[in-house]
Amino acid sequence: MMNMNNDKDRQNKFLEVMKLKDGTPLVSVDLLEWLISQGFFMKPAAISHHGNYTGGLFDHSLAVMEDLVEMTEKLNIEWTRPESPYIVGMFHDVCKLDDYCDKNAMDTVVMGTGSPISKNPDWIHNPNRMMKGHGDKSVMLLSQFINLTEEEMLCIRFHMGAYEGQDAWDSFDKAIRKYETVLWTHTADMYASKVQDV
Ligand SMILES: [Fe+2]
Ligand SMILES: [Fe+2]
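Rules of the game
- Throughout this document, residue positions are counted from 1 along each chain, in the order its sequence is written.
- As they are written, the chains are lettered A onward and the ligands numbered 1 onward, keeping that order.
- In keeping with the predicted nature of the model, local features appear solely for residues at pLDDT of at least 70, side-chain atom pairs appear and are counted solely at 80 or more, and the whole-chain, interface and lining totals rest on all residues.
- Hydrogens and water are ignored here; the side-chain numbers use all heavy atoms of the structure.
- Every helix listed is a DSSP run of H or I at least four residues long, and every strand listed is a run of E at least two residues long, numbered separately from the N terminus.
- Just to be clear, the radius of gyration here is over C-alpha atoms, and the globule rule we use is 2.2 Å times residues to the power 0.38.
- Accessible area is worked out with a 1.4 Å probe on protein chains only. A residue is then buried under 20% of its type maximum, exposed over 50%, and partly exposed in between.
- Whether two residues touch is decided by their heavy atoms; if any such pair falls within 4.5 Å, the residues are in contact.
- Areas reported as accessible are Shrake-Rupley estimates using a 1.4 Å probe. Residue values count occlusion only from the protein chains shown.
- Only four residue types enter the charge count, namely Lys and Arg as positive and Asp and Glu as negative; His and the chain termini do not.
- Lysine's charge is taken at NZ, arginine's at CZ, aspartate's at CG and glutamate's at CD.
- Note that water is not among the atoms considered, so a metal site may appear incomplete; the donors listed are N, O and S atoms within 2.8 Å of the metal, with 3.2 Å applied to Na, K and Ca.

A.B. asks: I tried to follow the overall build of the protein chain on my own but got confused; where do I start?
C.D. replies: Scanning the protein chain from N- to C-terminus turns up 8 helices and 2 strands. Starting at the N terminus and walking to the C terminus, you meet the elements of the protein chain as α-α-α-α-β-β-α-α-α-α. Relative to the compact-globule value of 16 Å for 198 residues, the protein chain shows a C-alpha radius of gyration of 16 Å, a close match. C-alpha extents for the protein chain along the principal axes are approximately 50 × 40 × 30 Å. A burial count over the protein chain gives 49% of its 198 residues as buried. Counted over contacts in the protein chain with a minimum sequence separation of 6, partners at least 24 positions apart contribute 62%. Approximately 10,100 Å² of the protein chain is accessible, and the part contributed by carbon and sulfur atoms is 52%. Taking the average place of the 19 positive charges on the side chains of the protein chain and the average place of its 30 negative ones, the gap between the two points comes to 3 Å.

Below you can see the structure in the form of structure tokens.
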């Protein structure tokens with residue numbers, strides 16, 4: 001794995017891995033530009049939990065994507081379309097783009113997503129975020145760029161599994177019964193964050 005020290009390295013790694021085995025690219029120019037403008041290659045994955053460093057969100061997303069692709073190969077998991085484990089893994093947490101912002105760039109007006117980032121960011125919870133939610137929010141944000149399959153939507157929606165809260169238990173249960181990949185997505189997210197510590 002290439003050493004990723006900055007957002008340019010992370011962006012190059014992203015372009016290198018977001019391809020099917022036959023080389024078909026999986027990211028449109030519009031989506032790439034949006035990801036860059038939202039700070040996908042710089043933002044943290046958390047403020048006080050794991051991944052609370054510059055670039056943490058991408059590092060975690062990459063790990064979940066690679067785990068999901070590896071599980072798909074080893075367990076012969078079938079998805080509705082071959083790009084699904086890449087899309088689900090890499091983009092399950094795009095909701096976080098609007099959850100955190102750089103305190104050192106707050107003198108510029110911040111309106112939710114797309115807030116500016118300084119050279120030495122000091123990450124805080126975005127006080128001006130426009131949308132609450134987590135998996136459901138990721139699905140909404142992605143719908144601007146990708147026509148998600150029902151399976152991809154449910155995998156991203158329920159990637160927190162039972163941690164989503166008791167209200168969601170029944171629908172999580174039904175989603176797993178319809179698509180076992182909902183369970184594998186949650187497992188890949190847990191494996192990356194709790195075992196690989198990424
Ligand atoms: Fe998440
Ligand atoms: Fe995650």
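A.B. asks: I'm lost on unusual backbone geometry in this one. Help?
C.D. replies: Backbone geometry follows two general trends: most residues other than glycine have a negative phi, and most peptide bonds adopt the trans configuration. In the Ramachandran plot, Asn76 falls in the positive-phi region, its phi being about 50° despite a non-glycine side chain. Secondary-structure assignment places Asn76 in the loop between helix H3 (56-74) and helix H4 (84-91). With a relative accessible area of 64%, Asn76 lands in the exposed category. Positive phi, close to 60°, is recorded for Asp197, a residue that is not glycine. By the secondary structure assignment, Asp197 is in the segment after helix H8 (181-195).

A.B. asks: Is there a simple way to think about the coordination of the iron ion (ligand 1) in this case?
C.D. replies: Tetrahedral metal sites with four donors have an ideal angle of 109.5 degrees; octahedral sites with six donors have ideal angles of 90 or 180 degrees. Around the iron ion (ligand 1), the protein contributes the donor atoms Asp93 (OD), His134 (NE2) and His159 (NE2), at 2.1 to 2.2 Å from the metal centre. Counting the intervening residues between successive donors of the iron ion (ligand 1) yields the motif D-x40-H-x24-H. Residue classification places His159 among the buried residues on the basis of a relative accessible area of 0%.

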